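Analysis of the macromolecular model
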Amino acid sequence: MAIEKVDVFVTSPGRNFVVLKITTTDGVTGLGDATLNGRELAAAQYLKTIAPMLIGKNEDNIEDIWQYLYKGAYWKRGPVTMAAISAVDVALWDIKGKKLGVPVYDLLGGASRTGLLTYGHASGVDLPSLFDSIDSYLDKGFKAVRVQSALPGIPSTYGVAGSANAQTGKGEKGMRYDYEPARRTEVPVEEVWDARTYMNTLPGVFEAVRNKYGNGIALLHDCHHRLSPIQAARFGKMIEPYDLFWMEDCTPAEENQEMLRVVREHTTTPIAIGEIINSATDYLTLIKEQLLDYVRSAVTHTGGITHMKKLMDYASFYDIKSGFHGPTDVSPVGMAANLHLGLAIPNFGIQEYMRHSDETLDVFHTSYTFTDGMLHPGNKPGIGVEFDEKLAAKFPYQPAPLPVDRLLDGTVHEW
Ligand code: GCO
Ligand code: MG
């Protein structure tokens with residue numbers, strides 16, 4: 001019983017993914033996800049660097065292997081390191097589940113609920129197209145939707161289907177977008193951002209949505225790190241009447257976490273943050289000072305199930321809940337890992353769900369299910385995802401960096 005083989009794949013069925021496959025001497029295989037959007041090859045190279053260190057290790061010792069990779073690297077944390085460690089960790093949980101014949105959530109303490117409340121991404125270039133988009137999510141059974149809107153005079157806006165750089169899914173007009181890859185090119189596209197236009201527009205959009213749909217549905221919104229602390233504080237206050245489930249990444253407080261104190265002092269709009277935070281230690285202040293309500297990390301980017309479980313257990317003592325990152329740049333393997341963890345922890349909040357494209361799902365065969373607005377990881381042993389290596393080989397990597405943002409005067413801004 002030992003790790004015999006470690007394979008790293010970079011494939012691009014619709015978008016780029018980094019997949020890890022670990023095979024044991026008994027022939028059991030496990031899958032992990034190390035997709036780092038726009039920097040995929042860096043994560044793949046990290047995995048290739050650590051692959052020989054894994055050979056011969058006992059695959060049962062997940063915690064020990066985690067510590068070996070984390071402490072043994074000396075260079076701790078960081079998105080590339082933590083995505084690579086995550087891939088190994090999830091592959092080992094997958095193997096353990098398969099060996100014991102149980103789904104991973106069972107190994108984490110069992111199911112704490114029957115399914116995971118999920119939110120989809122609604123967006124519009126104007127109110128009618130936004131309403132169409134919300135309707136299409138409600139028709140599909142979603143009970144929670146993220147609402148993003150285009151801004152007058154700004155050609156393309158983050159998260160909006162139909163804006164200049166968004167790639168709208170075929171045959172699903174107004175329903176889905178794959179914002180990333182913004183374009184398959186080596187050099188990022190550039191976009192424009194203006195906070196004044198945004199602050200003048202969005203509260204009216206939420207008001208119109210509440211007037212049309214009432215208070216029964218949960219509404220979420222992603223500010224994508226673009227507001228200054230005082231703008232975020234004001235924005236949170238302005239949107240309080242519309243009762244948002246959360247405002248996400250209202251200010252770039254991943255780096256200077258004290259910035260969130262300013263926001264907290266002024267508004268009761270719940271705060272979600274962390275999709276680019278990649279270690280539990282980077283949450284210590286945020287949690288202890290209760291500067292957030294929802295942890296946005298994904299298992300893929302934050303050291304795997306082992307590390308995220310510790311993070312969420314600590315958060316539970318402060319009644320802080322999960323809102324794991326689930327964009328299409330988290331592969332179906334990473335998504336399944338999110339779902340197993342989310343089903344098991346007591347402090348689950350909500351799960352983001354951007355359905356992967358059909359091309360992606362031809363390569364990754366998933367067993368998670370979506371019913372009535374809820375996701376469930378399924379009951380197959382392990383994480384329940386299979387990877388078609390032959391088909392994956394037909395989709396070679398193509399560079400697709402995330403966009404870069406500039407203010408109206410050309411200054412580079414947070415994207
Ligand atoms: C989200 C995110 C994504 C990220 C993307 C970057 O809330 O889903 O903000 O849209 O921008 O995952 O790779
Ligand atoms: Mg986000």
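We now turn to the structure provided with this report.

1. Topic: the sheet that holds strand β19 (residues 404-407)
- Spatially, the three strands line up as an open sheet ordered β8-β19-β20, and their pairing is mixed. Edge positions in the open sheet fall to β8 (190-193) and β20 (412-413), since each of these has one partner strand only.

2. Considering the nonpolar core
- Core analysis: the biggest nonpolar cluster contains 115 residues, and Leu-47, Val-88 and Phe-235 have the highest contact counts within it.
- Counting residues in each nonpolar core, the second largest holds nine residues, with Tyr-119, Ala-144, Trp-246 and Ala-272 among its members.

3. A few points about the site of ligand 1
- Close to ligand 1 lie 16 residues; Tyr-158, His-224, Glu-275, Asp-329 and Glu-352 are nearest.
- Measuring from an oxygen atom of ligand 1, one finds a side-chain N or O atom of Arg-296 at 2.9 Å.
- Alone, ligand 1 offers 340 Å² of accessible surface; in the complex the protein occludes 95% of this.
- With respect to the pocket detection grid, ligand 1 is positioned in the largest pocket.
- Residue composition of the shell around ligand 1, by class: four nonpolar, four polar and eight charged.

4. What to know about empty space enclosed by the protein
- If you walk through the whole model with that rule in mind, you get one cavity of 30 Å³ or more.
- Of the volumes computed, that of the largest cavity is approximately 70 Å³.
- Around the largest cavity sit Gln-148, Ser-149, Thr-157, Tyr-158, Trp-193, Tyr-198, Leu-202, His-221, Asp-222, Cys-223, His-224 and Arg-226, which together line it.
- Elements that contribute at least two residues to the lining of the largest cavity include exactly β5 (144-149), α6 (195-213) and β9 (218-222).
- Class assignment for the residues of the lining of the largest cavity results in five nonpolar, five polar and two charged.

5. A few points about the layout of surface pockets
- By volume, the largest pocket is sized at about 930 Å³.
- Taken together, 37 residues form the lining of the largest pocket, with Asn-37, Glu-275, Ile-276, Leu-402 and Trp-415 sitting closest to its centre.
- Partitioned by chemical class, the residues of the lining of the largest pocket number 16 nonpolar, eight polar and 13 charged.

6. Re the packing of aromatic side chains
- Enumeration according to the criterion identifies 17 aromatic pairs in this entry.
- Centre to centre, the rings of Tyr-74 and Trp-75 are 5.0 Å apart; their planes meet at 65°, and the pair counts as edge-to-face. Each member of the pair, Tyr-74 as well as Trp-75, is classed as exposed.
- Members of the aromatic cluster, each reached through a chain of ring pairs, are Phe-9, Phe-17, Phe-364 and Phe-387.
- Its end group placed over the ring of Trp-66, Lys-310 keeps NZ or CZ at 5.8 Å from the ring centre.

7. Some points on the sheet that holds strand β1 (residues 3-11)
- Read across the open sheet, the three strands follow the order β1-β2-β3; overall the sheet is antiparallel. The two strands at the open ends of the sheet, each matched to only one other strand, are β1 and β3 (29-33). Strand-to-strand, the axes of this sheet are offset by a mean angle of 20°, without reference to chain direction.
- Taken strand by strand, helix α3 (residues 79-100) contacts β1, β2 (17-24) and β3, and its axis lies near 150° from that of β3.

8. Comments concerning the packing of helix α5 (residues 127-139) against α6
- Between α5 and α6, the shortest axis-to-axis distance is 11 Å and the interhelical angle comes to 50°. Accordingly, the angle class assigned to the pair α5 and α6 is oblique. Once α5 is placed against α6, the crossing between them reads as right-handed. Contacts between α5 and α6 pair Leu-127, Leu-130, Phe-131, Ile-134, Asp-135 and Leu-138 from the former with Val-205, Ala-208, Val-209, Lys-212 and Tyr-213 from the latter.
- Residue composition of the contact of α5 with α6, by class: nine nonpolar, no polar and two charged.

So, how was this worked out
- Residues numbered from 1 in each chain as written.
- Chains lettered and ligands numbered in written order.
- Predicted model: local features only at pLDDT ≥ 70, side-chain atom pairs only at ≥ 80, totals over all residues.
- Heavy atoms only, no water.
- Pairing = 2+ DSSP bridges.
- Helix = DSSP H or I, 4+ residues; strand = E, 2+ residues; numbered from the N terminus.
- Core = buried A, V, L, I, M, F, W, Y, C linked by side-chain atoms within 4.5 Å.
- Buried < 20%, exposed > 50% of the residue type's maximum accessible area, 1.4 Å probe, protein only.
- Near = heavy atom within 4 Å.
- Polar contact = N/O pair within 3.5 Å; in protein donor to acceptor, adjacent residues only side chain to side chain.
- Areas by Shrake-Rupley, 256 points an atom, 1.4 Å probe, with all protein chains shown as cover.
- 1 Å grid on protein atoms, 1.4 Å probe; cavity = no way out; pocket = protein on both sides within 12 Å on 5 of 7 lines; lining within 4 Å.
- Sits in = over half its atoms within 2 Å of the grid points.
- Nonpolar A, V, L, I, M, F, W, Y, C, P; charged D, E, K, R; others polar.
- Points joined across faces, edges and corners; volume = space filled by probe spheres on them.
- Phe/Tyr/Trp six-rings, centres within 6.5 Å; stacked < 30°, edge-to-face > 60°.
- Lys NZ or Arg CZ within 6 Å of the ring centre and 35° of its normal.
- Axes fitted to C-alpha atoms, helices over the stretch in contact; angles between N-to-C directions.
- Contact = heavy atoms within 4.5 Å.
- Parallel < 35°, antiparallel > 145°, perpendicular 65-115°, else oblique.
- Left-handed = near helix turned anticlockwise from the far one by under 90°.

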